[in-house]
Amino acid sequence: MADGDTVKMRLTFWRNGKKPGDVIEVPADEVHRWKGFAEQVKDTPKAATATNPTTGSVQQKAAGK
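What counts and what doesn't
- Residues numbered from 1 in each chain as written.
- Predicted model: local features only at pLDDT ≥ 70, side-chain atom pairs only at ≥ 80, totals over all residues.
- Heavy atoms only, no water.
- Helix = DSSP H or I, 4+ residues; strand = E, 2+ residues; numbered from the N terminus.
- Buried < 20%, exposed > 50% of the residue type's maximum accessible area, 1.4 Å probe, protein only.
- Contact = heavy atoms within 4.5 Å.
- pLDDT = per-residue confidence, 0-100.
- Pairing = 2+ DSSP bridges.
- Axes fitted to C-alpha atoms, helices over the stretch in contact; angles between N-to-C directions.
- Phe/Tyr/Trp six-rings, centres within 6.5 Å; stacked < 30°, edge-to-face > 60°.
- Lys NZ or Arg CZ within 6 Å of the ring centre and 35° of its normal.
- Core = buried A, V, L, I, M, F, W, Y, C linked by side-chain atoms within 4.5 Å.

1. A look at the overall build of the protein
- Tallying secondary structure elements over the protein gives 1 helix and 3 strands in all.
- Beginning at the N terminus, the succession of helices and strands in the protein can be written as β-β-β-α.
- In the protein, which comprises 65 residues, the proportion classed as buried is 12%.
- Excluding contacts between residues fewer than 6 apart, the proportion of contacts in the protein whose partners are at least 24 apart in sequence is 37%.

Here it is, written out as C-alpha cells:
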C-alpha cells in the first residue's frame, strides 16, 4: 500500500479510546469498517477556511450609530 492511501475521518461515536469530533487517518481499504463510527472529512484549502464567509473582512457598524 502506498503512503497516500489514507483517508481522514471525523469520529461521530466513541471508538478505540477516541471521542466524537476527533480526526483520524484510516487506511483507504478499511474505511468500510469505520462506517457508523466516522464520516469522511472533505479536504478544504486553508485559504477558504481562514475567513468567515458570512462577514468576510468587512467590519460591521454597531446598531443605532
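2. A few points about the confidence of the model for the protein
- Averaged over the protein, the pLDDT score is 77; the fraction of residues at 70 or greater is 60%.
- Mean pLDDT values for the elements of the protein range from 52 in helix 1 (residues 46-50) up to 94 in strand 1 (residues 6-11).

3. Quick word on the sheet that holds strand 3 (residues 38-40)
- Ordered by their spatial adjacency, 3 strands build an open sheet running 2-1-3, and the pairing between neighbours is antiparallel. Edge positions in the open sheet fall to strand 2 (23-27) and strand 3, since each of these has one partner strand only. The mean angle between the axes of side-by-side strands here comes to 45 degrees, regardless of whether they run parallel or antiparallel.
- Of the strand pairs in this sheet, strand 1 and strand 3 are connected by 3 bridges, and their pairing is antiparallel. Residue pairing for strand 3: Arg-10 is matched across the bridge by Glu-39.

4. Section: the packing of aromatic side chains
- Tallied over the entire structure, the rule returns 1 aromatic pair.
- In this structure, Arg-15 is placed above the aromatic ring of Trp-34, and the distance from its NZ or CZ to the ring centre is 4.2 Å.
- Arg-15 extends its terminal NZ or CZ atom over the ring of Phe-37, reaching a point 4.7 Å from the ring centre.

5. Description of the nonpolar core
- Ranked by size, the top nonpolar core spans 7 residues in total: Val-7, Met-9, Leu-11, Ile-24, Val-26, Trp-34 and Ala-38.
- Elements supplying a minimum of two residues to this core: strand 1 and strand 2.
- Considering every element that reaches this core, the biggest residue donor is strand 1, with 3 residues.
- The contacts of Met-9, once residues within four sequence positions are left out, are Asp-22, Val-23, Ile-24, Val-26, Val-31, Trp-34, Ala-38, Glu-39, Gln-40 and Val-41.

6. So, unusual backbone geometry
- Its identity is not glycine, yet Asn-16 carries a phi of approximately 50 degrees, on the positive side.
- Checked against the element boundaries, Asn-16 lands in the loop between strand 1 and strand 2.
- Residue Asn-16 is classed as exposed on the basis of its relative accessible area, which comes to 63%.

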